[in-house]
Amino acid sequence: MNGGDAEAQYIRRHHRHDIRDDQCSSALVKHVKAPANLVWSLVRRFDQPQKYKPFVSRCTMKGDLGIGSVREVNVKSGLPATTSTERLELLDDEEHILGIKIVGGDHRLRNYSSIITVHPEVIEGRAGTMVIESFVVDVPEGNTKDETCYFVEALIRCNLKSLADVSERMAVLDQTDPYFLAI
């Protein structure tokens, strides 16, 4: 199976969203030159998104790190928001799937939910990872679907690039998040 076929298969299998007419949705793919277990050790940390998300300055958890737990995220200046309240919807350590839903905050991302999946692959003869992130969100009044998707995709691209940079740096140093190694 070639890369495009694998991407399409994973998207069909794991990235299904119920989309209304007043919403937009997309899926983005990033290939990372680091092993999947290392990449997953960062992605699965719902309580520490700032480890790889460059727009997050702080994260405070409400409750444990289980399905339904909520985090308050402080956003760095420069974005049209300062806070986001997010709920953990899915955390599957076997299939490497993380799902979140934004439930509040001072931004225009209403009814936003995303799914991130992490898949092992071989890149240039070495252990690598295909990361897929998909989302669905309401189109705010005064914006088009294209404008909304463009904005959200730009944020996700930055996050995925940062995830790749952090993961690849850790792979060179042969580091994995110790929390993940304990589970």
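Keep in mind it's a predicted model, so treat the numbers as computed, not measured.

Enquirer: Give me the lowdown on the layout of surface pockets, citing residues and values where you can.
Expert: The space that makes up the largest pocket amounts to roughly 620 Å³. Along the walls of the largest pocket sit 28 residues, with Leu79, Ile102, Leu109, Phe151 and Leu155 positioned nearest its centre. Secondary structure elements with two or more residues in the lining of the largest pocket: strand E3 (70-75), strand E4 (83-92), strand E5 (97-105) and helix H3 (145-173). Of all the elements, H3 adds the most residues to the lining of the largest pocket, at 7 residues. Of the residues that constitute the lining of the largest pocket, the class distribution is 17 nonpolar, 5 polar and 6 charged.

Enquirer: Can you explain unusual backbone geometry? Please cite residues and give values.
Expert: Within the chain, His96 stands out as a residue other than glycine whose phi angle is a positive 60°. Relative to the assigned elements, His96 resides in the loop between E4 and E5. On the basis of relative accessibility, which here comes to 13%, the residue His96 falls in the buried class. If you check the backbone angles, Glu124 has positive phi at about 55° while not being a glycine. Within the secondary structure, Glu124 is located in the loop between strand E6 (113-123) and strand E7 (126-138).

The rules behind the values
Residues numbered from 1 in each chain as written. Predicted model: local features only at pLDDT ≥ 70, side-chain atom pairs only at ≥ 80, totals over all residues. Heavy atoms only, no water. 1 Å grid on protein atoms, 1.4 Å probe; cavity = no way out; pocket = protein on both sides within 12 Å on 5 of 7 lines; lining within 4 Å. Points joined across faces, edges and corners; volume = space filled by probe spheres on them. Helix = DSSP H or I, 4+ residues; strand = E, 2+ residues; numbered from the N terminus. Nonpolar A, V, L, I, M, F, W, Y, C, P; charged D, E, K, R; others polar. Buried < 20%, exposed > 50% of the residue type's maximum accessible area, 1.4 Å probe, protein only.

Scope: geometric values only; no functional claims are made or implied.
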